[in-house]
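Each chain, written out:
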Amino acid sequence: MGHSKRHFITEAFAEIGKANYEFDLDPEALQSALRRLDAMMAEWNGRGVRIGYIGGNGLGDIDEDTLVPGWADEAIILNLAIKLAPGFGKSVSPDTKAGAARAMNTVMSKTAQSSARSLVGYGGAGRNGQVLPAQPETIALGTDDTLEF
């Protein structure tokens, strides 16, 4: 079970020093951050980084569970903080930027799919010298709503 969108948003705001408590954030700031979170996750999805995020268009339920695995939490929080900071007159520290890069590397390594390598037109030797045909290289690319591995 993942965290809610509100969790990621409040943690990102805390990272930039905007608010340490949920009640410090006004509804407009939360709605703006929700739009940025959904847009960031849609962009990741477009790049092939599929982590199971239950998407939206920035207008969904902020308390909805995202179903994101724990190993992606830090990447979401820190990258969202980097995206939110300029809009609130804040700047992120070099440590936050470095942490975001490290966390994104973790996400990329967990979501990378390597394709099988084969010589074109040759799939390897079978029994008794029989040559097996090459397997087509296909990877099913699902959306976050219908992951296909």
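Procedures and definitions
Residues numbered from 1 in each chain as written. Predicted model: local features only at pLDDT ≥ 70, side-chain atom pairs only at ≥ 80, totals over all residues. Heavy atoms only, no water. Helix = DSSP H or I, 4+ residues; strand = E, 2+ residues; numbered from the N terminus. Buried < 20%, exposed > 50% of the residue type's maximum accessible area, 1.4 Å probe, protein only. Contact = heavy atoms within 4.5 Å. Areas by Shrake-Rupley, 256 points an atom, 1.4 Å probe, with all protein chains shown as cover. Salt bridge = Lys/Arg side-chain N within 4 Å of Asp/Glu carboxyl O. pLDDT = per-residue confidence, 0-100. Expected span 1.5 Å × (residues − 1). Arc of directions from axis to C-beta. Axes fitted to C-alpha atoms, helices over the stretch in contact; angles between N-to-C directions. Parallel < 35°, antiparallel > 145°, perpendicular 65-115°, else oblique. Nonpolar A, V, L, I, M, F, W, Y, C, P; charged D, E, K, R; others polar.

(A) Quick look at the overall build of the chain. When helices and strands are counted, the chain shows 4 helices and 0 strands. When the helices and strands of the chain are read in sequence order from the N terminus, they spell out α-α-α-α. Counting all 149 residues of the chain, 36% fall into the buried class. Sequence-distant contacts in the chain: of pairs separated by 6 or more residues, those separated by 24 or more amount to 63%. Of the roughly 9100 Å² of accessible surface on the chain, a fraction of 51% belongs to carbon and sulfur atoms.

(B) Here's a closer look at the pattern of salt bridges. A complete count under the given rule lists 4 salt bridges for this structure. The salt bridge involving Asp38 is made with Lys5; its shortest N-O contact spans 3.5 Å. Here the residue Asp38 occupies a position in helix α2 (residues 27–46), and Lys5 occupies one in helix α1 (residues 5–15), the gap between them amounting to 33 residues. The burial state of Asp38 is the same as that of Lys5; both residues are buried.

(C) Seen up close, the confidence of the model for the chain. Per-residue confidence for the chain gives a mean pLDDT of 80, with 71% of residues at or over 70. At the low end of the mean pLDDT range in the chain sits α2, at 92; at the high end sits helix α3 (residues 73–84), at 97.

(D) Expanded view of the side chain of Thr66. Along the chain, Thr66 turns up in the loop between α2 and α3. Excluding its chain neighbours within four sequence positions, the residues that come into contact with Thr66 are Gly2, His3, Ser4, Lys5, Phe8, Gly52, Tyr53 and Ile54.

(E) How the structure looks around helix α4 (residues 94–111). Helix length check: α4, at 18 residues, gives a terminal C-alpha distance of 26 Å against a target of 26 Å (1.5 Å per residue), a fit within 8%. Listed in full, the buried residues belonging to α4 are Thr96, Gly99, Ala100, Ala103, Met104, Val107 and Thr111. Burial along α4 is one-sided: seen end-on, the buried residues are contained in an arc of 135 degrees. The exposed residues of α4 that point more than 90 degrees off its buried face are Pro94, Asp95, Arg102, Asn105 and Ser109. Elements in contact with the buried residues of α4: α1, α2 and α3.

(F) Structural detail: unusual backbone geometry. Backbone geometry places Leu67, a non-glycine residue, at a positive phi of 65 degrees. With respect to the helices and strands, the residue Leu67 is situated in the loop between α2 and α3.

(G) Structural context of the packing of α1 against α2. Remark: α1 packs on α2, axes separated minimally by 10 Å, with the N-to-C direction vectors making an angle of 105 degrees. In terms of orientation, α1 lies roughly perpendicular with respect to α2. Here Lys5, Arg6, Phe8, Ile9 and Phe13 of α1 lie close against α2, whose contacting residues are Ala29, Leu30, Ala33, Leu34, Leu37 and Asp38. Grouping the constituent residues of the contact of α1 with α2 by class yields 8 nonpolar, no polar and 3 charged.

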